[in-house]
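Coordinates in review
Chain by chain, the residues:
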Amino acid sequence: MAIDQKVIDKLRKEPGMPDIDLSWLREEDSPGIVAKAGKRGLTLDEINKGVYGEVPEIAKHGTTRSRGSIPRAGVMRTAYFVPEKSDIWADNATLIYEEAVQRQWSSATDIPWETVKPLPDIVEEAICQICTFLTEVEFIAGDAPGQWLKKISPDHYEVALYLISQVMDEARHLDVFRKRALVNGCGLLEAQGATRGLRNVLDSQDFTEMSALMHVLAEGFVQTMFRTGEFIAQNEAEKTIFRLCAQDESRHVGFGVMHLRYVLEHTPERREEIHHYLDRAEQLFGHPTDGGNTGLQEALLITMSGDGKDLDKGAELALALNKKQANEYMHRLEVAGLGDRRERMNPAFGMLLDPPKN
Ligand SMILES: [Fe+2]
Ligand SMILES: [Fe+2]
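What comes next concerns the included structure. Per chain, the residues get numbers from 1 upward, laid out in the order the sequence is written. A letter from A marks each chain and a number from 1 marks each ligand, given out in the order of writing. Given that this is a predicted model, residues contribute local features only at a pLDDT of at least 70 and side-chain atom pairs are listed and counted only at 80 or more, while totals for whole chains, interfaces and linings are drawn from all residues. Side-chain measures here rest on the full set of heavy atoms in the structure, leaving out hydrogens and waters.

Take the buried Ala, Val, Leu, Ile, Met, Phe, Trp, Tyr and Cys residues and link them wherever side-chain atoms come within 4.5 Å; each set so joined is a nonpolar core. Think of it in three bands: with a 1.4 Å probe and only protein chains considered, a residue is buried below 20% of the maximum accessible area for its type, exposed above 50%, and partly exposed in between. Of all hydrophobic cores here, the largest spans 46 residues; its most connected members are Val159, Phe207, Phe255, Leu278, Tyr329 and Leu333. Secondary structure elements are taken from DSSP: a helix is a run of H or I of four residues or more, a strand is a run of E of two residues or more, and numbering for both begins at the N terminus. Of all the elements in the fold, those that place two or more residues in this core are helix H3 (93–102), helix H5 (157–182), helix H7 (207–227), helix H8 (236–266), helix H9 (271–284) and helix H11 (311–336). In terms of residue count, the dominant contributor to this core is H7 (nine residues). Discounting chain neighbours no more than four positions away, the residues touching Val159 are Ile88, Trp89, Ala93, Ile152, Phe207 and Phe255. Listed in part, the 35 residues of the second largest apolar core include Val222, Ala233, Ile241 and Met304. Any two residues whose heavy atoms approach within 4.5 Å are treated as being in contact.

Right, here's the structure in full:
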């Protein structure tokens with residue numbers, strides 16, 4: 001877009017006009033890129049062209065300056081960002097963010113709540129115990145990435161947008177499970193507390209540690225549970241809740257796998273450090289010594305039994321779920337490039353693994 005010099009001169013000399021500076025009109029410094037919508041619309045990938053798409057390996061400024069804009073002297077710093085791209089990046093962040101925006105749903109209007117009918121007391125209470133656990137888990141799932149938002153530089157804005165979308169997803173998960181607990185007369189039951197495994201996620205001092213513990217391990221286990229929600233659900237409303245939440249969790253898990261992969265590819269010296277985080281997390285997360293999960297396990301067994309009577313069937317399905325969780329966790333690690341985790345996985349999970357596929 002050309003700026004007519006005559007217009008600028010006229011503006012500057014116009015009688016009655018306040019003194020205008022117009023020094024920000026620096027067309028010569030602009031790369032002059034015209035972004036065009038692609039097959040999926042005007043996505044972030046479509047505007048990340050030329051200098052706007054050049055993601056610095058190190059974010060050198062601590063200001064709110066948007067990547068590609070023209071620097072200005074004297075600007076105040078606002079944060080101590082994580083400077084290294086390899087510490088926070090995932091190549092699929094833009095794709096996942098766009099999908100998250102397109103696939104938002106409403107717990108108020110997209111769930112067929114009218115299909116929730118009176119259930120045997122023990123089944124209703126088991127569902128409500130699961131919902132009580134999940135409202136706490138989803139709160140933490142929003143809180144943990146939220147702690148990192150202010151540490152993401154505008155130079156790496158794609159990751160910030162992804163994290164914001166995850167916080168919104170988790171807010172919806174929290175509210176939908178709370179609504180289910182309150183919609184059929186039972187309400188919230190016993191609080192589980194953050195449990196040692198989830199407290200460990202919140203205590204992460206490093207972004208990759210947080211992501212491996214939360215996205216790859218904890219949310220992966222939750223995603224597998226949601227994807228087998230048809231065995232837990234007693235009606236269409238619950239099936240819809242699990243299906244929509246699983247769809248969202250796929251994005252969170254997908255970010256974590258791709259972030260871990262990026263870290264291992266670009267900073268392979270971190271491999272042992274990451275194993276160390278997972279050694280500790282596997283000991284704490286979902287381990288039989290983590291007593292806070294007892295209510296969840298028993299509630300799953302009851303709901304999976306169907307009517308609360310055939311507990312053998314419930315136990316069989318719960319074991320199948322645990323196996324699926326362990327195997328899908330191992331698969332994610334392989335995709336991320338951490339397949340050697342199989343040899344040092346906590347036996348509580350390792351004993352559930354199928355033999356490796358060669
Ligand atoms: Fe969630
Ligand atoms: Fe999640």
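Our focus in this paragraph is the coordination of the iron ion (ligand 1). Only Glu138 (OE), Glu170 (OE), His173 (ND1) and Glu249 (OE) from the protein reach the iron ion (ligand 1) as donors, at distances of 1.9 to 2.3 Å. Atoms are scored as donors when they are N, O or S and lie within 2.8 Å of the metal, with 3.2 Å used for Na, K and Ca; no water is included, so coordination may look incomplete. Under the classification used here, a metal with four donors is tetrahedral if each angle lies between 85 and 135 degrees, square planar if opposite donors are over 155 degrees apart and the others between 65 and 115, a six-donor metal meeting that same test is octahedral, and anything else is irregular. Around the iron ion (ligand 1) sit four donor atoms, and with donor-metal-donor angles ranging over 83 to 145° the site reads as irregular. A separation of 3.2 Å is found between the iron ion (ligand 1) and the iron ion (ligand 2), which share Glu170 as a coordinating residue. Here Glu138, found in helix H4 (residues 121–146), pairs with Glu170, found in helix H5; they are 32 residues apart in sequence, far enough to count as distant. The same class applies to Glu138 and to Glu170, which are both buried.

Moving on, we come to a nonpolar patch on the surface. Patch definition: residues with relative accessible area over 30% and no salt bridge; like charges joined within 9 Å; nonpolar side chains (Val, Leu, Ile, Met, Phe, Trp, Tyr) joined within 5 Å. The method behind every accessible area is Shrake-Rupley, applied with a 1.4 Å probe, and residues are considered shielded solely by the protein chains displayed. Salt-bridge detection follows one rule: a side-chain nitrogen of Lys or Arg within 4 Å of a carboxyl oxygen of Asp or Glu. On the surface, Val7, Leu11 and Met17 cluster together into a nonpolar patch covering about 220 Å² of accessible area. Relative to the assigned elements, Met17 resides in the loop between helix H1 (5–13) and helix H2 (44–47).

Glancing now at the environment of Arg196. Mapped onto the elements of the fold, Arg196 is located in helix H6 (residues 195–202). As a C-alpha pair, Arg196 and Gln283 span 87 residues in sequence and 9.6 Å in three-dimensional space.

The subject of this paragraph is H6. Since the α-helix turns once every 3.6 residues, residues separated by three or four places project in the same direction. Taken together, the buried positions of H6 are Thr195, Gly197, Leu198, Asn200 and Val201. On the buried face of H6, the contacting elements are H4, H7 and H9.

Moving on, we come to the coordination of the iron ion (ligand 2). At this site the iron ion (ligand 2) is bound by Glu170 (OE), Glu219 (OE), Glu249 (OE) and His252 (ND1), with donor distances of 1.9 to 2.2 Å. Considering all four donor atoms around the iron ion (ligand 2), angles at the metal cover 90 to 164° and the coordination shape is irregular. Counting along the primary sequence, the residues that act as donors to the iron ion (ligand 2) give the motif E-x48-E-x29-E-x2-H.

Let us look at H7. What the bend at a residue measures is the angle between two axes, fitted to the seven residues ending there and to the seven starting there. Taken as a whole, H7 carries its principal kink of about 40° at Glu219. Where burial is concerned, most of H7 is hidden: 20 out of the 21 residues are buried. N-cap assignment for H7: the residue whose side-chain oxygen lies 2.9 Å from the backbone N of Thr208 is Asp206. Whenever a nitrogen or oxygen atom comes within 3.5 Å of another N or O atom, the pair is scored as a polar contact, on the condition that within protein one atom can donate a hydrogen and the other can accept it, and that pairs from neighbouring residues in sequence are kept only if both atoms are in side chains.

Our focus in this paragraph is the pattern of salt bridges. Counted according to the given criterion, the structure contains 24 salt bridges. Measuring nitrogen to oxygen at the nearest pair gives 3.0 Å for the salt bridge that ties Asp169 to Arg251. Remark: Arg251 occurs in helix H8 and Asp169 occurs in helix H5; sequence separation between them is 82 residues. The partner of Glu265 in a salt bridge is Arg261, and the shortest N-O contact between them spans 3.6 Å. Placement of both Glu265 and Arg261 in helix H8 is noted, with a separation of four residues, approximately one turn of the helix. Arg261 gets classed as partly exposed once you look at its relative accessible area, which sits at 32%. Through salt bridges with shared partners, one network takes in Glu99, Arg103, Asp169, Arg172, Asp248 and Arg251.

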